[in-house]
Amino acid sequence: MAKDKRSKAAAPPPATTPTITATTPSWPPFKPSLPVVELTLDSLVKDKVVVFRSFFPRSLCKDYVSFLKELPLITTPGKPKRGDAVRVNDRYQIDDAKFAHRLWTETGLKEALAGKDVAQLWGGEVVGLNPNIRVYRYTAGQFFDAHYDDSNTVALKTETGSPLPARTTWTLLLYLTSSADGCIGGETVFYPHDRRSAKEEIAVSLETGMLLLHKHGHDCMLHEGREVTAGEKWVIRTDLCVKR
Ligand SMILES: O=C(O)CCC(=O)C(=O)O
Ligand SMILES: [Fe+2]
């Protein structure tokens, strides 16, 4: 049998060796308590792209950027796997069900998405956020080339301990910086007709603390993270999950 991580972990460590466990970040508390404004959904593209402004207040975005700077971000090599979009940024990724749960239940998001005017948008019964949390930092010259986001199947942890089968239906992007913080460029740009066209593009400018949601999976719109030309763009990404 190949010496994989599992076979290695099977042997108990000697008493003097500290046990190595995958640690999740000590994400800063949501202070002041959220939401700071009534979360009202603004539709940018009907049934496909919506935003909540001031999802995080500016002060909290600042706290988060200071915190995220200390995480071990990894710069993406320029050469993507076949079929993957070119992404040139610094990224940190962690499976953190607790943080996903906090973002879902301690921010007003869960209630905002359950509103009867919007509940039909999400492609099923919403049950939480993808524990796969990604943090992006784009500095000058970095970008995320045009691509589509896939829907994934996930198993959400529940209080009873039995995993809840779910699938992702929308991408969530929480912008922590904007031109107000010296970040120039970095718009998330959507192309409604599956081709990059300046005439057709819908460019969403960064706003500090704004949460953007866009539909993904089979009718995901082609989109990109436009090049940042100055300052730093910071984003936290997760996905909305519905019951499967
Ligand atoms: O950074 C952005 O604006 C876009 C990110 C994105 O498209 C993704 O995470 O799939
Ligand atoms: Fe994307």
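Going by the structure above, here's the rest.
Residues numbered from 1 in each chain as written. Chains lettered and ligands numbered in written order. Predicted model: local features only at pLDDT ≥ 70, side-chain atom pairs only at ≥ 80, totals over all residues. Heavy atoms only, no water.

Visitor: Help me understand the coordination of the iron ion (ligand 2) in this model?
Guide: In ideal tetrahedral geometry, four donors around a metal make angles of 109.5 degrees, whereas ideal octahedral geometry with six donors gives angles of 90 or 180 degrees. Binding of the iron ion (ligand 2) to the protein goes through H147 (NE2), D149 (OD), D149 (OD) and H223 (NE2), at separations of 2.0 to 2.8 Å. One way to put it: the 6 donor atoms around the iron ion (ligand 2) meet at angles of 51 to 170 degrees, and that makes the site irregular. Summarised as a motif, the one-chain spacing of the donors to the iron ion (ligand 2) is H-x1-D-x73-H. With a gap of 74 residues between them, D149 in the loop between β8 (143-147) and β9 (153-156) and H223 in strand β15 (residues 222-225) connect regions that are remote in the sequence. (Donors = N, O, S within 2.8 Å, 3.2 Å for Na, K, Ca; no water. Tetrahedral: all angles 85-135°; square planar, octahedral: opposite > 155°, others 65-115°. Helix = DSSP H or I, 4+ residues; strand = E, 2+ residues; numbered from the N terminus.)

Visitor: What am I meant to see in the nonpolar core here?
Guide: Across soluble globular proteins, you tend to see nonpolar side chains buried next to one another. Counting residues in each nonpolar core, the largest one holds 39 residues, and the members touching the most others are F56, Y64, L109, W122, L176 and L213. What Y64 contacts, discounting residues up to four positions off in sequence, is W27, P28, P29, F30, F56, F99, R102, L176 and I236. One finds V51, Y136, Y138 and L212 within the second-largest nonpolar core, a separate group that totals 17 residues. (Core = buried A, V, L, I, M, F, W, Y, C linked by side-chain atoms within 4.5 Å. Buried < 20%, exposed > 50% of the residue type's maximum accessible area, 1.4 Å probe, protein only. Contact = heavy atoms within 4.5 Å.)

Visitor: Would you take a moment to explain the packing of aromatic side chains for this structure?
Guide: The way to describe two aromatic rings as a pair is by their centre distance and the angle between their planes. A full pass over the atoms with the stated rule returns 11 aromatic pairs. Consider the rings of Y64 and F99, whose centres lie 6.4 Å apart with planes at 25 degrees: the pair is stacked. Remark: F99 occurs in helix α3 (residues 97-105) and Y64 occurs in helix α2 (residues 58-68); sequence separation between them is 35 residues. Take Y64: its relative accessible area is 0%, and that puts it in the buried class. Here the aromatic rings of Y136 and Y138 are separated by 6.0 Å at their centres, their planes lie at 70 degrees, and the arrangement is edge-to-face. (Phe/Tyr/Trp six-rings, centres within 6.5 Å; stacked < 30°, edge-to-face > 60°.)

Visitor: Looking at this model, I keep getting lost on the sheet that holds β8. Mind explaining?
Guide: Sheet strands pair by backbone hydrogen bonding; their relative direction is either parallel or antiparallel. Strand order in the open sheet made by the 5 strands is β4-β8-β15-β12-β13, with antiparallel pairing throughout. The strands lining the two open edges of the sheet, one partner per strand, are β4 (87-88) and β13 (202-204). Bridge count between β4 and β8: 2 bridges; the pairing is antiparallel. The residue of β8 that forms the bridge with V88 is F143. (Pairing = 2+ DSSP bridges.)

Visitor: Explain the site of ligand 1 here, please?
Guide: Taken together, Y136, Y138, F144, H147, D149, L173, T188, H223, G225, K233 and R237 make up the full set of residues adjacent to ligand 1. Y138 is positioned such that a nitrogen or oxygen atom in its side chain is 2.6 Å from an oxygen atom of ligand 1. Here T188 contributes a side-chain N or O atom positioned 2.5 Å from an oxygen atom of ligand 1. Relative to its free-state accessible area of 300 Å², ligand 1 is covered by the protein chains to the extent of 99%. Judged by its atoms lying within 2 Å of the grid points, ligand 1 is housed in the largest cavity. Elements supplying a minimum of two residues to the shell around ligand 1: β7 (132-138), β8, β15 and β17 (233-243). Here the shell around ligand 1 is composed, by residue class, of 4 nonpolar, 4 polar and 3 charged. (Near = heavy atom within 4 Å. Polar contact = N/O pair within 3.5 Å; in protein donor to acceptor, adjacent residues only side chain to side chain. Areas by Shrake-Rupley, 256 points an atom, 1.4 Å probe, with all protein chains shown as cover. 1 Å grid on protein atoms, 1.4 Å probe; cavity = no way out; pocket = protein on both sides within 12 Å on 5 of 7 lines; lining within 4 Å. Sits in = over half its atoms within 2 Å of the grid points. Nonpolar A, V, L, I, M, F, W, Y, C, P; charged D, E, K, R; others polar.)

Visitor: How should the pairing of strand β14 (residues 211-215) be read in this particular structure?
Guide: Looking down a regular strand, the side chains alternate between one sheet face and the other. Burial of β14 is extensive: 4 of the 5 residues sit out of reach of the surface. Alignment of strand β10 (residues 164-175) against β14, held across 5 bridges, turns out to be antiparallel. Across the sheet, the residue bridging to L173 is L212, located in β14.

Visitor: Would you take a moment to explain α2 for this structure?
Guide: Note on helix geometry: an α-helix contains 3.6 residues per turn, so any two residues three or four positions apart are oriented the same way. Turning to α2, its buried residues are L60, C61, Y64, V65 and L68. The buried residues of α2 occupy an angular sector of 140 degrees when projected down its axis, which confines them to one face. On its buried side, α2 packs onto α3, β7, β10 and β17. (Arc of directions from axis to C-beta.)

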